[in-house]
Amino acid sequence: MPPLLQDTSPRMEKAFRRGSGDFTLTTEGTFTAAGAFDKTAILVVLAIASGLVGYATNNGALIVAGLVVGLVSYFVGIFKPNLARICAPIYALGEGLALGSLTRFYATGNTEIVPAAVIFTGGIFLAALFIFRTGLIKITKRFYTMTLMAAVGFILVGLAQALGIVSLSSASDNLVIGLIGVVIGVAFLFIDFNFIQQAEHAQLPKQMEWFGAMILMASLVWVYINVLRILGRRR
């Protein structure tokens, strides 16, 4: 592993190792940050397209179906980065379908939530990218571990709420939980930006751009869901 990569997360170390050895040689060139961001834009467009279908259909079952398809394709892509070029678009379509249906739920009686959630998510992404590029944020194994622990705890609280073990349904509860979720999502964005930066420096195969786009898309999905929770906290 190049010296540049010595202080990165375990997940990223595995991705670098797989990215260095799981791809056949091609003439496509090497990984670039611009390429990863371009592919992220493609995934966003796919998510919006399927999201419109989910929003128009207004079927709660699509949330479950989209999540299952999205999660399965995401984890296949994580453990098999050479398949990310296939898994990433499927992930975007699945999550878009789920998010469209979820957005319809929150937008009932208040359609202004939809453009606001999209704008806020985009603003958070750009702000996180700007802060990362200033060099103020250093991504270390400790940073990654703390972010992962916070995310696991956050998910467990969500599961406990879904199972009725805890009750966190008031507007103030949703506001606090949503803000915590956004903070965790921003931390994931920093980790993803760091991966993209290091992958470019390490000259990984160009196909790994799909992996970078997929993990970045997952962080955007996390942020968007929590922005929805904040804006629709009275639901």
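Everything that follows concerns the structure shown earlier in this document.
Below or above, wherever it landed, is the structure these notes cover. What you see is a predicted model, and the numbers here were worked out from it, not measured in a lab.

## Notes on unusual backbone geometry
Here is step 1: Positive phi is not limited to glycine here, since Gln203 has a value of about 55°.
Here is step 2: Looking at where Gln203 falls in the secondary structure, it is placed in the loop between helix 7 (171-201) and helix 8 (209-231).

## Regarding the layout of surface pockets
Here is step 1: A volume near 600 Å³ is recorded for the second largest pocket.
Here is step 2: Lining the second largest pocket are 22 residues, with Val44, Ala47, Ile48, Val118 and Tyr224 sitting closest to its centre.
Here is step 3: The set of elements that each furnish at least two residues to the lining of the second largest pocket consists of helix 2 (33-57), helix 4 (84-107), helix 5 (113-134) and helix 8.
Here is step 4: Among the elements that take part in the lining of the second largest pocket, helix 2 stands out by supplying nine residues, more than any other.
Here is step 5: Taken together, the residues of the lining of the second largest pocket sort by class into 15 nonpolar, seven polar and no charged.

## Some points on a nonpolar patch on the surface
Here is step 1: Together, Val64, Val68, Val69, Val72, Val76, Leu83, Ile86 and Ile90 line one region of the surface with nonpolar side chains, adding up to about 610 Å² of accessible area.
Here is step 2: Elements with a minimum of two residues in the nonpolar patch: helix 3 (61-79) and helix 4.
Here is step 3: Per-element tally for the nonpolar patch: the top contributor is helix 3, with five residues.
Here is step 4: Within the secondary structure layout, Leu83 lies in the loop between helix 3 and helix 4.

## Details of the packing of aromatic side chains
Here is step 1: Using the criterion set out here, one finds 11 aromatic pairs in the structure.
Here is step 2: Taken together through their ring pairs, the aromatic side chains of Phe37, Phe125, Phe132 and Phe193 make up a single cluster.
Here is step 3: The residue whose ring lies beneath Arg104 is Tyr55, and the NZ or CZ to ring-centre distance is 5.2 Å.

## Digging into the packing of helix 2 against helix 8
Here is step 1: For the pair helix 2 and helix 8, interaxial distance at closest approach is 8 Å and the crossing angle is 50°. Considering the angle they form, helix 2 stands oblique to helix 8. Seen from above, helix 2 lies across helix 8 with right-handed handedness. For the pair formed by helix 2 and helix 8, the contact residues are Gly35, Ala36, Phe37, Lys39, Thr40, Ile42, Leu43, Val44 and Ala47 on the first element and Glu209, Trp210, Ala213, Met214, Leu216, Met217 and Leu220 on the second.
Here is step 2: Its residues placed into classes, the contact of helix 2 with helix 8 shows 12 nonpolar, two polar and two charged.

## Brief notes about the side chain of Ser219
Here is step 1: Tracing the chain through its elements places Ser219 in helix 8.
Here is step 2: Accessibility expressed as a relative area gives 4% for Ser219, which makes it buried.
Here is step 3: Among the polar contacts listed, one links the side chain of Ser219 to the side chain of Asp192, at a separation of 2.4 Å.
Here is step 4: Excluding residues that lie within four positions of it along the chain, Ser219 makes contacts with Gly185, Phe188, Leu189 and Asp192.

What counts as what
- Residues numbered from 1 in each chain as written.
- Predicted model: local features only at pLDDT ≥ 70, side-chain atom pairs only at ≥ 80, totals over all residues.
- Heavy atoms only, no water.
- Helix = DSSP H or I, 4+ residues; strand = E, 2+ residues; numbered from the N terminus.
- 1 Å grid on protein atoms, 1.4 Å probe; cavity = no way out; pocket = protein on both sides within 12 Å on 5 of 7 lines; lining within 4 Å.
- Points joined across faces, edges and corners; volume = space filled by probe spheres on them.
- Nonpolar A, V, L, I, M, F, W, Y, C, P; charged D, E, K, R; others polar.
- Patch = residues over 30% accessible without salt bridge, like charges linked within 9 Å, V, L, I, M, F, W, Y side chains within 5 Å.
- Areas by Shrake-Rupley, 256 points an atom, 1.4 Å probe, with all protein chains shown as cover.
- Salt bridge = Lys/Arg side-chain N within 4 Å of Asp/Glu carboxyl O.
- Phe/Tyr/Trp six-rings, centres within 6.5 Å; stacked < 30°, edge-to-face > 60°.
- Lys NZ or Arg CZ within 6 Å of the ring centre and 35° of its normal.
- Axes fitted to C-alpha atoms, helices over the stretch in contact; angles between N-to-C directions.
- Parallel < 35°, antiparallel > 145°, perpendicular 65-115°, else oblique.
- Left-handed = near helix turned anticlockwise from the far one by under 90°.
- Contact = heavy atoms within 4.5 Å.
- Buried < 20%, exposed > 50% of the residue type's maximum accessible area, 1.4 Å probe, protein only.
- Polar contact = N/O pair within 3.5 Å; in protein donor to acceptor, adjacent residues only side chain to side chain.

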